[in-house]
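# Structural features, examined
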Amino acid sequence: MTSFFGNVLNWILFAVCCVLFTYWCYVLVVNLGNNKDKEYYSPTEGKNPYYDPAIYKKEG
């Protein structure tokens, strides 16, 4: 009887894990498989103080 209960529990856990793995793969494919670029906002776009000639100018 204990072996039968363990076998049933094993198959239930196996089925749950298969469902979770399938769902995980689905989420990965839906989120990453579309190959679409998302809008990205860069707070430093166009602001490059390291290359600003007003800051670094040759003295000569």
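Our subject in this report is the structure included herewith. (Residues numbered from 1 in each chain as written. Predicted model: local features only at pLDDT ≥ 70, side-chain atom pairs only at ≥ 80, totals over all residues. Heavy atoms only, no water.)

## Notes on the state of the cysteines
To keep things clear, this is the line we draw: By definition, disulfides here are pairs of cysteine sulfur atoms that lie within 2.5 Å. Accessible area is worked out with a 1.4 Å probe on protein chains only. A residue is then buried under 20% of its type maximum, exposed over 50%, and partly exposed in between.
All told, the structure shown has zero disulfides when counted by the stated rule. Cysteine C17 is unpaired, with the sulfur of C18 as its nearest cysteine sulfur at 7.2 Å. In this structure C17 comes out as partly exposed when scored by relative accessible area, which is 49%. Taking relative accessible area as the criterion, C18 reaches 34% and is therefore assigned partly exposed.

## Here we look at a nonpolar patch on the surface
Just so we agree on the cut-off: Only residues whose relative accessible area exceeds 30% and that form no salt bridge are eligible for patches; like-charged ones are grouped when within 9 Å, while nonpolar side chains (Val, Leu, Ile, Met, Phe, Trp, Tyr) are grouped when within 5 Å. Calculation of accessible area relied on Shrake-Rupley with a 1.4 Å probe; when residues are assessed, cover is drawn exclusively from the protein chains displayed. In what follows, salt bridge is the name for a side-chain nitrogen of Lys or Arg lying within 4 Å of a carboxyl oxygen of Asp or Glu.
A cluster of nonpolar side chains, contributed by M1, F4, V8, I12, V16 and L20, occupies part of the molecular surface with about 660 Å² of accessible area. You can call L20 exposed: its relative accessible area is 52%.

## Thoughts on the packing of aromatic side chains
Heads up, the condition is: For this analysis, a ring pair means two rings from Phe, Tyr or Trp (six-membered ring only for Trp) whose centres lie within 6.5 Å, classed as stacked if their planes differ by under 30 degrees, edge-to-face if by over 60, and tilted for the remaining angles. Helix and strand labels come from DSSP, where a helix needs a run of H or I of at least four residues and a strand needs a run of E of at least two; each type is numbered from the N terminus.
Counted by the stated rule, this structure contains two aromatic pairs. For the ring pair W11 and F14, a centre distance of 5.6 Å and an interplane angle of 90 degrees mean the geometry is edge-to-face. With a gap of three residues between them, W11 and F14 both fall in helix α1 (residues 2-32), about one helical turn apart. The class for W11 is exposed, based on a relative accessible area of 56%. Where F21 meets W24, the ring centres are 5.8 Å apart and the plane angle is 40 degrees; that geometry is what we call tilted. Here F21 pairs with W24, and both are found in helix α1, just three residues apart, close to one helical turn.

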